[in-house]
Amino acid sequence: MYVPPKLVTNKDLEKLMDTSDEWIRQRSGIEERHYVEGPEGPSDLALIASRNAIAAAGLTPENIDMIIFATLAPDYYFPGSACLLQNKLGLAGIPALDVRCQCTGFLYALNIAKLFVESRQYQHVLVVGAEVHSTVLDFATRSRDVTVLFGDGSGAVVVSPSPDEKRRILSMHLHADGAHTDRLCIKKPGTLGTDFISEVLIDEGEARPYMDGRYVFKHAVTRLKECVDEALAANRMGIGDVDWYLFHQANLRINESVANAMGIPAAKAPSNIQRYGNCSAASIPILLHETVASGQIGPGDTVCLAGFGAGFTWASAILKF
Ligand SMILES: CC(C)(COP(=O)(O)OP(=O)(O)OC[C@H]1O[C@@H](n2cnc3c(N)ncnc32)[C@H](O)[C@@H]1OP(=O)(O)O)[C@@H](O)C(=O)NCCC(=O)NCCS
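Residues numbered from 1 in each chain as written. Predicted model: local features only at pLDDT ≥ 70, side-chain atom pairs only at ≥ 80, totals over all residues. Heavy atoms only, no water.

A.B. asks: Account for the sheet that holds strand E5 (residues 125–131), naming residues and giving values.
C.D. replies: In spatial order, the strands read E4-E3-E5-E6; together these four strands make up an open sheet with mixed pairing. Edge strands, defined here as strands with exactly one partner in the open sheet, are strand E4 (96–99) and strand E6 (153–159). Here the strands of the sheet are splayed against their neighbours by 20° on average, with no regard to which way each runs. Judged from the seven bridges that link them, E5 and E6 form a sheet pairing that is antiparallel. Looking at the pairing, Gly-129 lines up with Gly-155 of E6. Sitting on the sheet, helix H3 (residues 42–56) is in contact with strand E3 (66–70), E5 and E6, with an inclination near 40° to E6. Along the sheet, helix H4 (residues 81–89) makes contact with E3, E4 and E5, crossing E3 at roughly 130°. (Pairing = 2+ DSSP bridges. Helix = DSSP H or I, 4+ residues; strand = E, 2+ residues; numbered from the N terminus. Axes fitted to C-alpha atoms, helices over the stretch in contact; angles between N-to-C directions. Contact = heavy atoms within 4.5 Å.)

Here is the structure:
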């Protein structure tokens, strides 16, 4: 994983908009987040996370056969951030694919990597989730409900064939429901309509993130529960068969609601949203990195990943370490 060094506390945000440390902590659990400084895009953050992941896998960049890059905030409108990252890693020639599934993007990307590896088309697939939200956010009070929630960061893994039959991705389930696209979105710049972007559209708020917070919250809780149930049933497991539940970090209260409703002990569902905010596609791999690096997740552990995001999209994975 990698996050940029600049730390932004809730108190720092109080100076920019009408909000409070107390409100942000109570409603979301977030205490601080990291922002880029200067011209850094998600591919720059991803470069450091990718190098770390490749080294942790005992590989060198030349061993990587494919890059899959999940982001909702790409460096450019086009081409995708995967191509930028590929160039920065010096891996000209290998395929580079962007995945646009927002906070569920890492799980979609992981599933794509799994299939490429299982089909033996590629051996080592780099999967990255990276976001620079801070340059898109609006720091006026009108956008405080969204702005306080998000941070910048990146996380990466390498998906490879396992020599140990027991250590594998046991299952993945992906879902989406496009009926809810307008409840969480940034519409401009975009090709729908006559103007790709214009001052009028910017003034009208079309280039700012929009979120119907309560609506998103309710759907997130329902869908996360559903997809954990689905993952457990597919593996003939009960709640107690999974050692760790790593949920997307959008709001501490969302994850607490899911854990309480399902009887998942709080100690089995760690969170780091307090320190990073919502890093969208990067949140799950950052949490995965921290729980593995700290020794919490160890060999033999069964881990459930689950996420929900704009689209709406939601997904799960069960991994055996
Ligand atoms: C955004 C969210 C934290 C808001 O919490 P909430 O309890 O629903 O709060 P509401 O939106 O109802 O707002 C309550 C009040 O707080 C105010 N408020 C909103 N943001 C605020 C902020 N940053 N600081 C202070 N007050 C704020 C509102 O204006 C409202 O004031 P009012 O009652 O005078 O109108 C919550 O809805 C949420 O987390 N939703 C899901 C977000 C999410 O997961 N997004 C990403 C999905 S991947």
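A.B. asks: Can you tell me about the nonpolar core, naming the residues and giving the values?
C.D. replies: The biggest cluster of nonpolar side chains holds 41 residues, and the ones touching the most others in it are Leu-13, Val-228, Tyr-245, Phe-247, Ile-254, Ile-264 and Phe-308. If you tally residues by element for this core, the top one is helix H8 (residues 213–234), at nine residues. In this structure, Ile-254 is in contact with Phe-217, Ala-220, Val-221 and Leu-224, ignoring residues within four places of it in sequence. Val-127, Met-172, Ala-281 and Leu-288 belong to the second largest nonpolar core, which has 30 residues in total. (Core = buried A, V, L, I, M, F, W, Y, C linked by side-chain atoms within 4.5 Å. Buried < 20%, exposed > 50% of the residue type's maximum accessible area, 1.4 Å probe, protein only.)

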